[in-house]
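Summary of the model geometry
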Amino acid sequence: MTLISSLCSFPPIHSSPSSAFPNSASTFSNHNTISNFKPQIQSSSSSTNVCTQKIDTSLITIAESFYDDELWAASSLRIRSFNEFRPDTYGVQFSTFGEDRIVVGSLDLNQCLSLPDEIVGMKPKASGADTTRAYLSNVCVARELHRNGLAYDLLEKSKLVARNWGITDLYVHVAVDNEPAKKLYMKSGFVYESDEPAWQARFLDRPRRLLLWMGLSVS
């Protein structure tokens, strides 16, 4: 399996204490020191206690990650995104080339035949599928920055990387009841291929999943 993480990040900028990100979050730099950050974002609370911030998208950088501090920041964001912890428990800042950045989105591109305990894609039919088939996983964006189009931009970047790798068939798994994720993937060009048997979902103690597919043209 070949795996790469793509990160969506922007620089931390000091702002008012009303920022929805923690005002005194523990964060890590490439020197393993601990600092604080207050990114400049505009927030508005909704009835579900989820905040939406509009950010200056010109500050956003989406790139492949290669360095330990980037991967550490991505791991921190994933823990924060996929689990119910206090929002100030895990920091998501890193430093690279002397510039502090905050990871606000991340995903993995897995070049392989299948992922463990997941539905297996059927394309391509020809031999060599282990190098021309890939799966997206761990797609996440910081909750505070939902509805800024960052997840869509991450998907578009992953398609470019996949094409460069020679990937012709790209897959993603999504829970059947995750309507926002399904809409996102279909907007990006994915279509339904198959779904997980109910018995398998019960055995694995998780929501049943759909497998979505997209064909990529390789230049």
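Everything numeric in this text was worked out from a predicted model, so none of it was measured.

A few points about the packing of aromatic side chains
- By the definition in use, this model includes 2 aromatic pairs.
- A cation over a ring is seen here: K123 above W213, with NZ or CZ 4.6 Å from the ring centre.
- K187 extends its terminal NZ or CZ atom over the ring of Y152, reaching a point 5.0 Å from the ring centre.

Some points on the side chain of D169
- One can find D169 in strand β10 (residues 169–175).
- Within the buried core, D169 has no salt-bridge partner, and the shortest N-O distance to an opposite charge, that of K123, equals 6.2 Å.
- At a separation of 2.8 Å, a polar atom in the side chain of D169 contacts the side chain of W213.
- If we ignore the near neighbours within four places in the chain, the residues touching D169 are K123, P124, T132, R133, A134, W213 and M214.

Some words on the nonpolar core
- Counting 30 residues, the largest nonpolar core has L136, L150, Y185 and F190 as the members making the most contacts within it.
- Every element with two or more residues in this core is listed here: β8 (99–111), β9 (133–141), α3 (150–165), β10, α4 (179–187) and β12 (209–215).
- Here this core takes 6 residues from α3, the largest share from any one element.
- In terms of nonpolar packing, the next biggest core, distinct from the first, is built from 6 residues, C112, L115, I119 and Y135 among them.

Observations regarding the layout of surface pockets
- Quantified by volume, the largest pocket comes out at close to 1,200 Å³.
- Of all elements in the fold, only α1 (68–82), β9, α3, β10 and α4 reach the threshold of two or more residues within the lining of the largest pocket.
- The greatest single-element share of the lining of the largest pocket, amounting to 6 residues, is contributed by β9.
- Broken down by class, the residue content of the lining of the largest pocket amounts to 19 nonpolar, 8 polar and 5 charged.

Calculation notes
Residues numbered from 1 in each chain as written. Predicted model: local features only at pLDDT ≥ 70, side-chain atom pairs only at ≥ 80, totals over all residues. Heavy atoms only, no water. Phe/Tyr/Trp six-rings, centres within 6.5 Å; stacked < 30°, edge-to-face > 60°. Lys NZ or Arg CZ within 6 Å of the ring centre and 35° of its normal. Helix = DSSP H or I, 4+ residues; strand = E, 2+ residues; numbered from the N terminus. Buried < 20%, exposed > 50% of the residue type's maximum accessible area, 1.4 Å probe, protein only. Lys, Arg positive; Asp, Glu negative; His and termini not counted. Salt bridge = Lys/Arg side-chain N within 4 Å of Asp/Glu carboxyl O. Polar contact = N/O pair within 3.5 Å; in protein donor to acceptor, adjacent residues only side chain to side chain. Contact = heavy atoms within 4.5 Å. Core = buried A, V, L, I, M, F, W, Y, C linked by side-chain atoms within 4.5 Å. 1 Å grid on protein atoms, 1.4 Å probe; cavity = no way out; pocket = protein on both sides within 12 Å on 5 of 7 lines; lining within 4 Å. Points joined across faces, edges and corners; volume = space filled by probe spheres on them. Nonpolar A, V, L, I, M, F, W, Y, C, P; charged D, E, K, R; others polar.

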